[in-house]
Amino acid sequence: MSPTPPLFSLPEARTRFTKSTREALNNKNIKSLLNTFSQLPGSENEKKCTLDQAFRGVLEEEIINHSSCENVLAIISLAIGGVTEGICTASTPFVLLGDVLDCLPLDQCDTIFTFVEKNVATWKSNTFYSAGKNYLLRMCNDLLRRLSKSQNTVFCGRIQLFLARLFPLSEKSVGLNLQSQFNLENVTVFNTNEQESTLGQKHAEDREEGMDVEEGEMGDDEAPTTCSIPIDYNLYRKFWSLQDYFRNPVQCYEKISWKTFLKYSEEVLAVFKSYKLDDTQASRKKMEELKTGGEHVYFAKFLTSEKLMDLQLSDSNFRRHILLQYLILFQYLKGQVKFKSSNYVLTDEQSLWIEDTTKSVYQLLSENPPDGERFSKMVEHILNTEENWNSWKNEGCPSFVKERTSDTKPTRAVRKRTAPEDFLGKGPNKKILMGNEELTRLWNLCPDNMEACKSDTREYMPTLEEFFEEAIEQADPESMVENEYKAVNNSNYGWRALRLLARRSPHFFQPTNQQFKSLPEYLENMVIKLAKELPPPSEEIKTGEDEDEEDNDALLKENESPDARRDKPVTGEQIEIFANKLGEQWKILAPYLEMKDSDIRQIECDSEDMKMRARQLLVAWQDQEGVHATPENLINALNKSGLSDLAESLTNDNETNS
């Protein structure tokens, strides 16, 4: 019988792994752990779990003994190496990091987190990311809960930046303000009791002290450092009250709150406009500090002491903070946010004020030293970029990674382009082969391609009679064709009709005062004009019966009464003759032909010749009235306008022509 393999013993394995971990720390390599892992009996999962416990045990001892951060980080580095070699579970380094950050004070946590930041590429690798992303997120959230946003601002910012580097942009569980919520806990506390204010007393004391110093007794180096901006409690209160609107912009949609915000903003911005930093000593000192490389100190919360108010208003960075808050507020009020209530809508007056104030704020930023113009343009660029992020959030934060569509079609072999000598002049009669039977036939219809293009058979433009024959028939009321079935309503037909009219019809370029709302309406008007000028659509060979019918029509025309003749539309010849007679009196007749004042002014602008103006008036009237532009209606208009002589002359001419 073969000897049975030794069984796995947890105490023994834990002891050996602990000893090997100590050796690995001293030697600063993982060889001892690899040897122990290969020598111990048992399954791979049993040995991995035991090594995980050994790591936590060694780490616990180091923390209890108050070892340095370097020793702690060395244990975590061994765990990372163990995961890479496959001798411990992938979550072990993250569990160790969580234990360390939970046990150490905040100053040492800063050092540990620096190690976490430097290894972000390791955490994002396939080996660690899936197993450790939730551990890292929980660890960062626990740290943020321990840190103060006002005292540990930089550390909090580092954590947020680390999470932004670790997780993809579309990860909704990490710092993505999907619903555009505000930090309502950020309350700015200031003195709201005017009785306790010392602003008025302070300025009074300054004035009294200033009275004791006569002019010339104080040198330039001993000039007072107080700001020239007059500050009282009202300005102090209104200035800091604006922070509540920046904290919660939704208040601006309420009528009463908006009026308060409007009043306070106008006063504060007026102070910024009236007292430019270039004229204050505090600004000059600030510029000197910038030139000499002075140290800058930033605070996460505003200091609202009354004693600091004059210094704050004279500080360029402070002004930039306030003006930038205005721009961010305005962008939210004007922007389209998916989760914004439907009741949050600006009035036209509010939108106009915001637009004007935005320009003023950018102007103040450009005038604010140092590099105001550059800073203003940079802020404008950043806020424009924010609009893209708002649109992305409104669309539900889609992933920026687009998967490549799988192409199941077999790839065709790329063939080299055929050289000209391979297809020119081959085949019977030196026919040019185009690679396709039909293309080859078409290409070789004529040996000389230029002559083929000039051939009369390529004249495809129809005559006006041929093209508009169908439209003229449809325009006849006796045909009883509904509008929707008429050819002029076909967009393809309308496009070809315009091209043909531009080439063959003088009416296309004739000026007219008639307004057309659509292309079919214009074509309908042109078809009516063409129907009057063009011969009948088709002229068949006349038979004896046709000649008899024509004789009968002529006989009927001769016997037609003068009243019936006056009911027919006026012709172009009649308009030409009567326009010469009308001349300078055209403007008297225009109102009685129902011409608008704008049409009359247009006629006056088009020509200075009176006869041409009279002709344009009559043509415009003809276009406007259509079939109702009859001599009888024109005579009635002449009589109403007091031009009886012309009316009588037109009547006589009409009877004579008949």
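Residues numbered from 1 in each chain as written. Predicted model: local features only at pLDDT ≥ 70, side-chain atom pairs only at ≥ 80, totals over all residues. Heavy atoms only, no water.

Inclusion rule: UniProt positions are given in the numbering used here, feature names are shortened, and annotations may be inferred rather than shown by experiment.
The name recorded for the protein in an unreviewed UniProt entry is THO complex subunit 1, from Myotis lucifugus. The Sequence similarities (unreviewed entry) field of the UniProt record for the protein holds the comment "Belongs to the THOC1 family."

**Regarding the overall build of the protein**
Here is the rule we go by: Each helix is a run of DSSP H or I of at least 4 residues and each strand a run of E of at least 2, with the numbering of both proceeding from the N terminus. Note on exposure labels: buried denotes an accessible area under 20% of the residue type's maximum, exposed denotes more than 50%, and partly exposed covers the range between, all computed with a 1.4 Å probe on protein chains only. The protein chains shown are the only cover counted for residues, whose accessible areas, like all others here, come from Shrake-Rupley with a 1.4 Å probe.
Counting its regular elements, the protein contains 30 helices and zero strands. In the protein, which comprises 658 residues, the proportion classed as buried is 34%. For the protein, the computed accessible surface area is about 43000 Å², with 50% contributed by carbon and sulfur atoms.

**Considerations on the packing of aromatic side chains**
As a reminder, the rule being used: Within 6.5 Å between ring centres, the rings of Phe, Tyr and Trp (the latter by its six-membered ring) count as paired, and their orientation is classed by plane angle as stacked under 30 degrees, edge-to-face over 60, tilted in between. Over a ring means this: the NZ of a Lys or the CZ of an Arg is within 6 Å of the ring centre and within 35 degrees of the ring normal.
Evaluated as defined, the whole model comprises 29 aromatic pairs. Consider the rings of Trp258 and Phe261, whose centres lie 5.7 Å apart with planes at 40 degrees: the pair is tilted. Of the two residues, Trp258 and Phe261 both sit in helix H12 (residues 255–274), three residues apart, roughly one turn of that helix. Side by side, Trp258 and Phe261 carry an identical accessibility label, which is buried. One aromatic cluster is present, formed by Tyr245, Phe246, Trp258, Phe261, Tyr326, Phe330 and Trp353 through successive ring pairs. The residue whose ring lies beneath Arg138 is Tyr135, and the NZ or CZ to ring-centre distance is 5.6 Å. The ring of Phe375 carries the charged tip of Arg320 above its face, separated from the ring centre by 4.2 Å.

**A few points about the pattern of salt bridges**
To be explicit about the condition: For salt bridges, the criterion is a side-chain nitrogen of Lys or Arg within 4 Å of an Asp or Glu carboxyl oxygen.
This model, assessed by the stated rule, comprises 13 salt bridges. As a salt-bridge pair, Arg56 and Asp99 come within 3.0 Å of each other at their nearest N and O atoms. Here Asp99 lies in helix H5 (residues 92–103) and Arg56 lies in helix H3 (residues 44–64), a separation of 43 residues in the sequence. Between Glu367 and Lys276 there is a salt bridge, with the nearest N and O atoms lying 2.9 Å from each other. Of this pair, Glu367 sits in helix H16 (residues 348–367) while Lys276 sits in the loop between H12 and helix H13 (281–291), and the two are 91 residues apart along the sequence. Accessibility expressed as a relative area gives 34% for Glu367, which makes it partly exposed. Accessibility expressed as a relative area gives 28% for Lys276, which makes it partly exposed. Each of Arg22, Glu61 and Glu62 takes part in a single network of salt bridges with overlapping partners.

**Description of a nonpolar patch on the surface**
Test applied: Exposure above 30% relative accessible area and the lack of any salt bridge qualify a residue for a patch; like charges then connect within 9 Å, and the nonpolar side chains Val, Leu, Ile, Met, Phe, Trp and Tyr within 5 Å.
A contiguous nonpolar patch, built from Met434, Leu439, Leu442, Trp443 and Leu445 and spanning about 490 Å² of accessible area, is present on the exposed surface. Its location among the elements puts Leu442 in helix H18 (residues 437–443).

**Focus on a negative patch on the surface**
The line we're drawing: Residues counted as positive are Lys and Arg, residues counted as negative are Asp and Glu, and His and the chain ends are not counted. Charged groups are reduced to one reference atom each: NZ for lysine, CZ for arginine, CG for aspartic acid, CD for glutamic acid.
A surface patch of like charges, here negative, comprises Glu470, Glu473, Asp476 and Glu478. In this structure, Glu470 sits in helix H20 (residues 464–475). For Glu470, a relative accessible area of 47% gives the class partly exposed.

**Digging into helix H17 (residues 372–394)**
Definition in use: Any helix carries an expected span of 1.5 Å times its number of residues minus one.
Counted at 1.5 Å a residue, the expected span for H17 with its 23 residues is 33 Å, and the 33 Å between its end C-alpha atoms agrees. Taken as a whole, H17 has its buried residues at Gly372, Ser376, Val379, Leu383, Trp392 and Lys393. Following H17 by one or two positions, Gly396 adopts a phi angle in the positive range, close to 90 degrees.

**Some thoughts on the environment of Glu604**
In plain terms, the rule: Note on definitions: a residue-residue contact is assigned when non-hydrogen atoms from the two residues lie within 4.5 Å.
Examined against the element boundaries, Glu604 turns out to sit in helix H27 (residues 597–606). Since its relative accessible area comes to 26%, Glu604 is described here as partly exposed. Residues Glu604 and Lys587 lie 17 residues apart in sequence; the distance between their C-alpha atoms is 9.5 Å. Those residues in contact with Glu604 that lie beyond four places of it in its chain are Trp586, Lys587 and Arg613.

**Some words on the packing of helix H15 (residues 316–334) against H16**
The criterion, for reference: What counts as an axis is a line fitted to C-alpha atoms, over the stretch in contact for a helix, and the angles between N-to-C directions run from 0 to 180 degrees. Oblique is the label for every angle not falling under 35 degrees (roughly parallel), over 145 degrees (roughly antiparallel), or within 65 to 115 degrees (roughly perpendicular). Working rule for handedness: look at the near helix, and if it is turned counterclockwise from the far one by less than a right angle, call the crossing left-handed; if clockwise, right-handed. Residue polarity follows a fixed list, in which Ala, Val, Leu, Ile, Met, Phe, Trp, Tyr, Cys and Pro are nonpolar, Asp, Glu, Lys and Arg are charged, and the others, Gly among them, are polar.
Close contact between H15 and H16 brings their axes to 10 Å; oriented N to C, the two are set at 150 degrees. What the angle tells us is that H15 and H16 run roughly antiparallel. Crossing of H15 against H16: the hand is left-handed. Where H15 abuts H16, its residues Arg320, Leu323, Tyr326, Leu327, Phe330, Leu333 and Lys334 lie against Trp353, Ile354, Thr357, Thr358, Val361, Tyr362, Leu364 and Leu365. Considered class by class, the residues forming the contact of H15 with H16 number 11 nonpolar, two polar and two charged.

**Some remarks on the side chain of Thr92**
This is how the line gets drawn: Contacts described as polar in this section are N or O atom pairs within 3.5 Å, which, within protein, must combine one atom able to donate a hydrogen with one able to accept it, while residues neighboring in sequence count only if both atoms come from side chains.
Positionally, Thr92 belongs in helix H5. A distance of 2.7 Å separates polar atoms of two side chains, one belonging to Thr92 and the other to Asp52. Not counting residues up to four positions away in its chain, the partners in contact with Thr92 are Asp52, Phe55 and Ala79.

**Remarks on the nonpolar core**
Note the threshold: Only buried residues count toward a nonpolar core. Its members are Ala, Val, Leu, Ile, Met, Phe, Trp, Tyr and Cys residues joined through side-chain atoms within 4.5 Å.
Phe55, Ile76, Ile112, Trp123 and Phe162 are the most contacted members of the largest nonpolar core, which totals 53 residues. No other element matches the nine residues that helix H4 (residues 69–85) contributes to this core. With sequence-adjacent residues up to four places away left out, Ile112 is seen in contact with Cys69, Val72, Leu73, Leu97, Val100, Leu101 and Leu104. Of all hydrophobic cores here, the second largest spans 43 residues; its members include Tyr236, Val250, Leu333 and Ile354.

**Here's the deal with the packing of helix H1 (residues 10–27) against H4**
Contact geometry for H1 and H4: axes closest at 10 Å, N-to-C directions at 110 degrees. In terms of axis orientation, H1 runs roughly perpendicular to H4. In contact with Thr21, Ala24 and Leu25 of H1, H4 contributes Ala74, Ile75 and Leu78. Residues belonging to the contact of H1 with H4 are distributed by class as follows: five nonpolar, one polar and no charged.

**Section: the environment of Pro520**
Structurally, Pro520 is set in helix H22 (residues 519–533). Residue Pro520 is classed as partly exposed on the basis of its relative accessible area, which comes to 23%. Along the backbone, Pro520 and Tyr493 are 27 residues apart, and their C-alpha atoms lie at a distance of 9.9 Å. Contact partners of Pro520, with chain neighbours within four places excluded, come to Val488 and Asn489.

**Things to note about the side chain of Arg320**
Here Arg320 is to be found in helix H15. Despite its burial, Arg320 pairs with no opposite charge; the closest candidate is Asp371, at 6.5 Å N-O. In contact with Arg320, not counting residues within four places along its chain, are Leu365, Asn368, Pro369, Pro370, Asp371, Gly372 and Phe375.

**Quick word on the confidence of the model for the protein**
Defined as follows: Summary of the metric used: pLDDT quantifies the predictor's per-residue confidence within the range 0 to 100.
Chain-level statistics for the protein give a pLDDT mean of 80 and a share of 80% at 70 or above. The spread of mean pLDDT over the elements of the protein runs between helix H23 (residues 544–558), the lowest at 50, and H16, the highest at 94.

**Section: unusual backbone geometry**
With an omega dihedral of -5 degrees, the bond running from Pro369 to Pro370 counts as a cis peptide bond. Counting through the fold element by element, Pro370 comes out in the loop between H16 and H17. Phi is positive for Lys28, close to 60 degrees, though the residue is something other than glycine. Its location among the elements puts Lys28 in the loop between H1 and helix H2 (31–39). On the basis of relative accessibility, which here comes to 75%, the residue Lys28 falls in the exposed class. Here Glu594, not a glycine, exhibits a phi torsion of approximately 60 degrees, which is positive. When you line up the elements, Glu594 lands in the loop between helix H26 (586–589) and H27. The exposed category is assigned to Glu594, whose relative accessible area is 58%.

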